[in-house]
Amino acid sequence: MWFRQLFDAESSTYTYLLAARAGGEALIIDPVREQLPQYLRLIRELGLKLVIAVDTHTHADHVTALGALRDATACATWMGEQSQAECVSARFRDGESLRVDGLRLRALYTPGHTDESYSLVMDDRVFTGDALLIRGSGRTDFQNGDAHAAYDSLFNKLLKLPDETLVYPGHDYKGWTVSSIGEERRWNPRLQVASAAEYASLMAALKLPTPKLMDIAIPANLACGRMP
Ligand code: FE
């Protein structure tokens, strides 16, 4: 399997390129518009054909490359069924699988950071978007975020995966690249709570600044990265 973890330093976003085999079909998760040339180069150099570009949720901190990748490669663009982005070509539902060549990714609805956030489960790993970060979790204070829903997604969905499942998040700000469900259960400070109410008060106390790109990124991302 080809598996590449790519990084956008400006927004600390991880993008994942997956393909079952050299010369085969590929899927990309959470691409960043500014990194389009790098993705196209890597796809070309590995001899891959991009067939699906997927966003785990509508991002507030960077502009998606979904539209640009569709223009460049004619790939399908996918988001979850709750997404308000009218430009996507297809939507998945909770439990549905995305299939590319020999790869199968199961969509797991994990709202809380936004009300349309999904994680994608594949074999030994899960791509968590911003639902679960390494030693952290996605903020819940805008974009229909809901700390109680986030608690449910974390404790009743993601933490139900086997402990050895690798966790590949949508962002990291400290240099972490990969973790596991068991490691996060034990060491993630956000997960050391006894109830949804306790999680909600922990999240409410964060008082985070507004992402600097938010007013640009959200409208652009609802149009798959084209500026309104
Ligand atoms: Fe996000």
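Please refer to the structure higher up on the page.
These lines cover the structure that appears in this document, whether it is placed above or below.

Things to note about unusual backbone geometry
For step 1, the next point in the chain: With a phi close to 55 degrees, Ser12 is a non-glycine residue in the positive phi region.
For step 2, the next point in the chain: Looking at the element boundaries, Ser12 is found in the loop between strand S1 (2-8) and strand S2 (13-19).
For step 3, the next point in the chain: Even without a glycine there, the phi angle at Ala74 is positive, about 65 degrees.
For step 4, the next point in the chain: By the element assignment, Ala74 lies in the loop between helix H2 (66-73) and strand S5 (76-80).
For step 5, the next point in the chain: Accessibility expressed as a relative area gives 68% for Ala74, which makes it exposed.

Brief notes about the environment of Gly23
For step 1, the next point in the chain: In this structure, Gly23 sits in the loop between S2 and strand S3 (25-29).
For step 2, the next point in the chain: The spacing of Gly23 and Lys49 is 26 residues in sequence and 7.1 Å in space, taken between C-alpha atoms.
For step 3, the next point in the chain: With residues up to four places along the chain from it excluded, the contact list for Gly23 reads Leu46, Gly47 and Leu48.

Observations regarding the pattern of salt bridges
For step 1, the next point in the chain: This structure, assessed with the given rule, holds 9 salt bridges.
For step 2, the next point in the chain: With its nearest N and O atoms 3.5 Å apart, the salt bridge here joins Asp101 to Arg21. Taken together, the residues Asp101 in the loop between strand S7 (97-100) and strand S8 (103-109) and Arg21 in the loop between S2 and S3 connect sequence positions 80 residues apart.
For step 3, the next point in the chain: Take Asp101: its relative accessible area is 34%, and that puts it in the partly exposed class.
For step 4, the next point in the chain: Between Glu45 and Arg41 there is a salt bridge, with the nearest N and O atoms lying 2.8 Å from each other. Placement of the pair is Glu45 and Arg41 together in helix H1 (residues 36-45), with a separation of 4 residues, close to one helical turn.
For step 5, the next point in the chain: Among the ionic contacts, a cluster of salt bridges with common partners joins Arg135, Glu183 and Glu184.

Quick word on empty space enclosed by the protein
For step 1, the next point in the chain: The full count for this structure, using the stated rule, is 1 cavity of 30 Å³ or more.
For step 2, the next point in the chain: Roughly 60 Å³ of volume is contained in the largest cavity.
For step 3, the next point in the chain: Contributing to the lining of the largest cavity are 13 residues, with Gly112, His113, Asp130, Ala131 and Ala150 lying nearest its centre.
For step 4, the next point in the chain: If you tally residues by element for the lining of the largest cavity, the top one is helix H3 (residues 147-156), at 3 residues.
For step 5, the next point in the chain: Along the lines of polarity and charge, the residues of the lining of the largest cavity split into 5 nonpolar, 7 polar and 1 charged.

Things to note about the coordination of the iron ion
For step 1, the next point in the chain: Around the iron ion, the protein contributes the donor atoms His57 (NE2), His113 (NE2) and Asp130 (OD), at 2.0 to 2.3 Å from the metal centre.
For step 2, the next point in the chain: Assessed through its relative accessible area of 8%, His113 is described here as buried.

A closer look at the side chain of His57
For step 1, the next point in the chain: For His57, the location among the structural elements is in the loop between strand S4 (49-54) and H2.
For step 2, the next point in the chain: A polar atom in the side chain of His57 sits 2.9 Å from the side chain of Thr56.
For step 3, the next point in the chain: Discounting chain neighbours no more than four positions away, the residues touching His57 are Asp30, Met79, His113, Thr114, Glu116, Ser117 and Asp130.

Analysis parameters
- Residues numbered from 1 in each chain as written.
- Predicted model: local features only at pLDDT ≥ 70, side-chain atom pairs only at ≥ 80, totals over all residues.
- Heavy atoms only, no water.
- Helix = DSSP H or I, 4+ residues; strand = E, 2+ residues; numbered from the N terminus.
- Buried < 20%, exposed > 50% of the residue type's maximum accessible area, 1.4 Å probe, protein only.
- Contact = heavy atoms within 4.5 Å.
- Salt bridge = Lys/Arg side-chain N within 4 Å of Asp/Glu carboxyl O.
- 1 Å grid on protein atoms, 1.4 Å probe; cavity = no way out; pocket = protein on both sides within 12 Å on 5 of 7 lines; lining within 4 Å.
- Points joined across faces, edges and corners; volume = space filled by probe spheres on them.
- Nonpolar A, V, L, I, M, F, W, Y, C, P; charged D, E, K, R; others polar.
- Donors = N, O, S within 2.8 Å, 3.2 Å for Na, K, Ca; no water.
- Polar contact = N/O pair within 3.5 Å; in protein donor to acceptor, adjacent residues only side chain to side chain.

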